[in-house]
Amino acid sequence: QPMEIPPQYPTRYPPQYPARYPPQYPPQQAGPQQGGPQQQAQTDPGAARVSYIRGDVSTQHSDSSEWSAATVNTPVVIGDHVSTGKRSRAEVQLDHANVLRMSDESTANIVNLSRTQIQLQVGQGLVNYDVMKGSEADVEIDTPNVAIHPQMNNEGSYRILVNSDGETIVDVRKGSVEISTPQGSTQVERDQRITIQGNADNAQYQVASAGTRDEWDKWNSDRDHAIESAESWQHTNPYYTGSQ
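Read on for a plain summary of the structure. Since the structure is predicted, the reported quantities are computational estimates derived from the model, not experimental observations. (Residues numbered from 1 in each chain as written. Predicted model: local features only at pLDDT ≥ 70, side-chain atom pairs only at ≥ 80, totals over all residues. Heavy atoms only, no water.)

### A closer look at the pattern of salt bridges
Here comes step 1: Inspection of the entire model under this criterion finds 11 salt bridges.
Here comes step 2: The partner of Asp-171 in a salt bridge is Arg-193, with the nearest N and O atoms 2.7 Å apart. Placement of Asp-171 in strand β13 (residues 167-174) and of Arg-193 in strand β16 (residues 192-197) is noted, with a sequence separation of 22 residues between them.
Here comes step 3: In this structure, Asp-222 and Lys-218 form a salt bridge, with 3.0 Å as the shortest nitrogen-oxygen distance. Of this pair, Asp-222 and Lys-218 both sit in helix α2 (residues 215-228), 4 residues apart, which is roughly one turn of that helix.
Here comes step 4: Judged by its relative accessible area of 39%, Asp-222 is partly exposed.
Here comes step 5: Residues joined by salt bridges that share partners form a network here, namely Glu-91, Arg-101, Asp-130, Arg-223 and Asp-224. (Salt bridge = Lys/Arg side-chain N within 4 Å of Asp/Glu carboxyl O. Helix = DSSP H or I, 4+ residues; strand = E, 2+ residues; numbered from the N terminus. Buried < 20%, exposed > 50% of the residue type's maximum accessible area, 1.4 Å probe, protein only.)

### Concerning empty space enclosed by the protein
Empty pockets left among the atoms are what a rolling probe the size of a water molecule brings to light.
Here comes step 1: In the structure shown here, the tally under the stated rule is 1 cavity of 30 Å³ or more.
Here comes step 2: Empty space within the largest cavity amounts to approximately 40 Å³.
Here comes step 3: If you trace the largest cavity, you find it lined by Val-131, Ser-135, Ala-137, Val-139, Pro-150, Gln-151, Met-152 and Asn-153.
Here comes step 4: Along the lines of polarity and charge, the residues of the lining of the largest cavity split into 5 nonpolar, 3 polar and no charged. (1 Å grid on protein atoms, 1.4 Å probe; cavity = no way out; pocket = protein on both sides within 12 Å on 5 of 7 lines; lining within 4 Å. Points joined across faces, edges and corners; volume = space filled by probe spheres on them. Nonpolar A, V, L, I, M, F, W, Y, C, P; charged D, E, K, R; others polar.)

### Comments concerning the environment of Lys-174
Here comes step 1: Its location among the elements puts Lys-174 in strand β13.
Here comes step 2: The exposure class of Lys-174 is partly exposed, given its relative accessible area of 34%.
Here comes step 3: Along the backbone, Lys-174 and Arg-159 are 15 residues apart, and their C-alpha atoms lie at a distance of 9.8 Å.
Here comes step 4: Not counting residues up to four positions away in its chain, the partners in contact with Lys-174 are Glu-155, Gly-156, Ser-157, Tyr-158 and Arg-190. (Contact = heavy atoms within 4.5 Å.)

### Examining the layout of surface pockets
Here comes step 1: Considered as a void within the structure, the second largest pocket measures approximately 200 Å³ in volume.
Here comes step 2: Lining the second largest pocket are 15 residues; nearest its centre among them are Asp-130, Ser-157, Lys-174, Ser-221 and Asp-224.
Here comes step 3: Sort the elements by how many residues they give to the lining of the second largest pocket and α2 lands first, with 5 residues.
Here comes step 4: In the lining of the second largest pocket, the residues fall into 2 nonpolar, 4 polar and 9 charged.

### Considerations on the environment of Gly-79
Here comes step 1: Here Gly-79 is to be found in the loop between β4 (75-76) and β5 (81-84).
Here comes step 2: Look at Gly-79 and you get buried, because its relative accessible area is 17%.
Here comes step 3: When the C-alpha atoms of Gly-79 and His-61 are compared, they prove to be 6.6 Å apart, with 18 residues separating the residues in sequence.

### Observations regarding the packing of aromatic side chains
Here comes step 1: Following the criterion strictly, the structure yields 2 aromatic pairs and no others.
Here comes step 2: Both rings, one in Trp-216 and one in Trp-219, keep their centres 5.5 Å apart while their planes meet at 35 degrees; by these two values the pair is tilted. In this pair, Trp-216 and Trp-219 are both assigned in helix α2, 3 residues apart and thus about one turn of the helix distant.
Here comes step 3: On the basis of relative accessibility, which here comes to 3%, the residue Trp-216 falls in the buried class.
Here comes step 4: What makes Trp-219 buried here is its relative accessible area of 11%.
Here comes step 5: Taken together, the ring pairs connect Tyr-52, Trp-216 and Trp-219 into an aromatic cluster.
Here comes step 6: In this structure, Arg-89 is placed above the aromatic ring of Trp-219, and the distance from its NZ or CZ to the ring centre is 4.9 Å. (Phe/Tyr/Trp six-rings, centres within 6.5 Å; stacked < 30°, edge-to-face > 60°. Lys NZ or Arg CZ within 6 Å of the ring centre and 35° of its normal.)

Structure representation (structure tokens):
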């Protein structure tokens, strides 16, 4: 009899996503390093951390087939997967200004992570991506049928629901995003909702008013406030993730 996969682990992960830039892991070895130390520091792979856990949260490293239970401050790097179980939540701080929050039974993959470029894949479930003041990163969040690109250098809050490989719903709570498929792109503004249906090759979308705010939105706002109001910002370089 085949073994049943525990419910806190993802049972699928779509293998293909739209992407504007490819993963940079492992680092390329060909040719000498270009640019000075400051430019190199901006493109060097970074490390995120699991900053909040409720319930069952698991991580899987890119070089392993094993899933491990995550704890607060578990490091997350390029190629890692994060999964939440039933009635669970997780928060992953990518840097001081970019935060991914995952509701229950959600999956995410860290594709690219540096000071100036962040790329994630969300395979299923409800997540929130928040951009706070001072972000330096060009961000892309990919789902099975669309690429979501928050406006650079602006604060934003984006609620993303992946119902299936053929349906993604994005509510823009703050800021604006560019939504891209192979057929083209469109801009979605604050308090708007876009529903993308169909696979990446024939996706269609519809824009309407965003849904009403609920407990998930309130929890995200409370978490933002806890991070932004931390006294540590007065004493440390804000770029160092987790100092609060």
